[in-house]
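# Chain and residue survey
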Amino acid sequence: MLQLENVVSDRGSRYAVSGGLVANVEDIDAFLKTLKRQKKYAKATHNSWAVFQSDGTQRKNDDGESGAGNVILRMLEREGLTDQIIVVTRWYGGKHLGGDRFRHVQTCVKAYLDALG
C-alpha cells in the first residue's frame with residue numbers, strides 16, 4: 001500500500017491519497033478494510049475510490065463526494081493503469097470548496113501516479 005498524506009490543504013479540508021494492486025472485488029474490499037483500520041481514515045468525511053481492471057471492468061465509489069470516483073477513474077483510464085485502486089481521502093474542514101474539490105482530487109491522483117514512477 002502506497003499512502004501520501006497532506007497532499008492538499010484548502011479552507012480547512014485536508015486530502016490524502018492511497019493505493020495498491022487489486023485483482024478482484026475481494027481485493028478491493030480487503031484494501032478498503034485495511035485502509036479504514038487506521039482510525040483517521042475510518043473517521044474521514046470521504047474515501048472516494050476507483051479501479052480500472054485489466055478485463056475492462058470499471059469500479060468506483062464517490063463515498064458522498066459526488067463525481068470524485070469518476071474523476072479518479074478517468075485519470076486511471078488515461079494513464080492505462082489497470083488493477084490498481086486509488087483512494088482519495090478528504091477530511092472536511094467546514095467550508096464548501098465547490099468545483100475546487102475536483103481539482104484537488106486530480107492533484108492527489110497525480111501525486112500518486114508520480115510516486116509510482
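Quick note: structure is the one above.
A short tour of the structure in this document, coming up. (Residues numbered from 1 in each chain as written. Predicted model: local features only at pLDDT ≥ 70, side-chain atom pairs only at ≥ 80, totals over all residues. Heavy atoms only, no water.)

### Describing unusual backbone geometry
One non-glycine residue, Asp63, lies in positive phi territory at about 50°. Topologically, Asp63 is positioned in the loop between β4 (58–61) and α3 (68–79). Residue classification places Asp63 among the partly exposed residues on the basis of a relative accessible area of 31%. Not every positive phi belongs to a glycine, and Asp83 is a case in point at roughly 55°. Tracing the backbone shows Asp83 in the loop between α3 and β5 (84–91). (Helix = DSSP H or I, 4+ residues; strand = E, 2+ residues; numbered from the N terminus. Buried < 20%, exposed > 50% of the residue type's maximum accessible area, 1.4 Å probe, protein only.)

### Focus on the environment of Val22
For Val22, the location among the structural elements is in the loop between β2 (13–21) and α1 (25–36). When the C-alpha atoms of Val22 and Thr82 are compared, they prove to be 8.9 Å apart, with 60 residues separating the residues in sequence. With near-sequence residues (within four places) excluded, Val22 lies in contact with Asp27, Ile28, Phe31, Val51, Asp83, Gln84 and Ile85. (Contact = heavy atoms within 4.5 Å.)

### Quick look at α3
For α3, which comprises twelve residues, the first-to-last C-alpha distance of 17 Å matches the rise-based estimate of 16 Å (1.5 Å per residue) to within 8%. Inspection of α3 places Ala68, Gly69, Val71, Ile72, Leu73, Met75 and Leu76 among the buried residues, and these make up the whole buried set. Taken together, the buried residues of α3 touch β3 (46–52), β4, β5 and α4 (100–116). Following α3 by one or two positions, Gly80 has its phi on the positive side, about 70°. (Expected span 1.5 Å × (residues − 1).)

### Points about α1
Spanning twelve residues, α1 covers 17 Å between terminal C-alpha atoms, matching the ideal 16 Å at 1.5 Å per step. Every buried residue of α1 is accounted for by Ile28, Phe31, Leu32 and Leu35. Along the axis of α1, the buried positions cluster into a sector of 95°, meaning they face one direction only. What points out from α1, more than 90 degrees from its buried face, is the exposed set Glu26 and Lys33. With a side-chain oxygen positioned 3.1 Å from the backbone nitrogen of Glu26, the residue opening α1 is Asn24. (Arc of directions from axis to C-beta. Polar contact = N/O pair within 3.5 Å; in protein donor to acceptor, adjacent residues only side chain to side chain.)

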